[in-house]
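Chain residues, written in single-letter form:
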Amino acid sequence: FVDVAGGADFIVGEDMADTDLINTGLFFCRVEANWTHELLGRWWSGSDKRWHHQVCWDQTGLCRLLQEEENLGYGGAEPWYSWHGGRRHKRVGQHTVVLD
């Protein structure tokens, strides 16, 4: 899967429910990349603190952040979810790949 990601700094899975675009239960990140460190900091500090102890706050927070910064889920004519006929591997912006 790392080869499929083509050097992405952040690899995350597609959500298998249609509540969020990605599932943060497991992700891989390039730890030496400055972008990754900045993303993790913005993900934590940029998410509304009241949600930090709620179910799935992390997915919602990261989706919002990647939508703003990497255009996650925007601009596609085809379906997003692979189980709706969308691509199984999606390059999102410059740094992120979403795998089914």
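Everything here concerns the structure above.
As a starting point, this report considers the structure included with it. Keep in mind that what you see is a predicted model, and the values were worked out from it rather than measured.

### Focus on helix α2 (residues 34-46)
- The first and last C-alpha atoms of α2 sit 17 Å apart over 13 residues, in line with the 18 Å expected at 1.5 Å per residue.
- All buried positions along α2 are accounted for by Trp35, Thr36, Leu39 and Trp43. For α2, the arc enclosing every buried residue in end-on projection is 100°, short of the 170-degree limit, so these residues lie on one face. Among the exposed residues of α2, those pointing more than 90 degrees away from its buried face are Asn34 and His37.
- Summarising the contacts, the buried residues of α2 are in contact with β1 (10-14), β2 (22-29), α3 (57-70) and β4 (96-99).

### Topic: the nonpolar core
- Within the largest apolar cluster, 17 residues are counted, with the highest numbers of intra-cluster contacts made by Ile22, Leu39, Leu62, Leu66, Leu72, Trp80 and Val98.
- At the level of elements, β1, α2 and α3 are the ones that each hand at least two residues to this core.
- A total of five residues in this core trace back to one element, the largest contributor, which is α3.
- Ala5, Ala8, Ile11 and Val97 belong to the second-largest nonpolar core, a separate cluster that totals five residues.

Criteria and cut-off values
- Residues numbered from 1 in each chain as written.
- Predicted model: local features only at pLDDT ≥ 70, side-chain atom pairs only at ≥ 80, totals over all residues.
- Heavy atoms only, no water.
- Helix = DSSP H or I, 4+ residues; strand = E, 2+ residues; numbered from the N terminus.
- Expected span 1.5 Å × (residues − 1).
- Buried < 20%, exposed > 50% of the residue type's maximum accessible area, 1.4 Å probe, protein only.
- Arc of directions from axis to C-beta.
- Contact = heavy atoms within 4.5 Å.
- Core = buried A, V, L, I, M, F, W, Y, C linked by side-chain atoms within 4.5 Å.

Any link to function would need more than the numbers given here.
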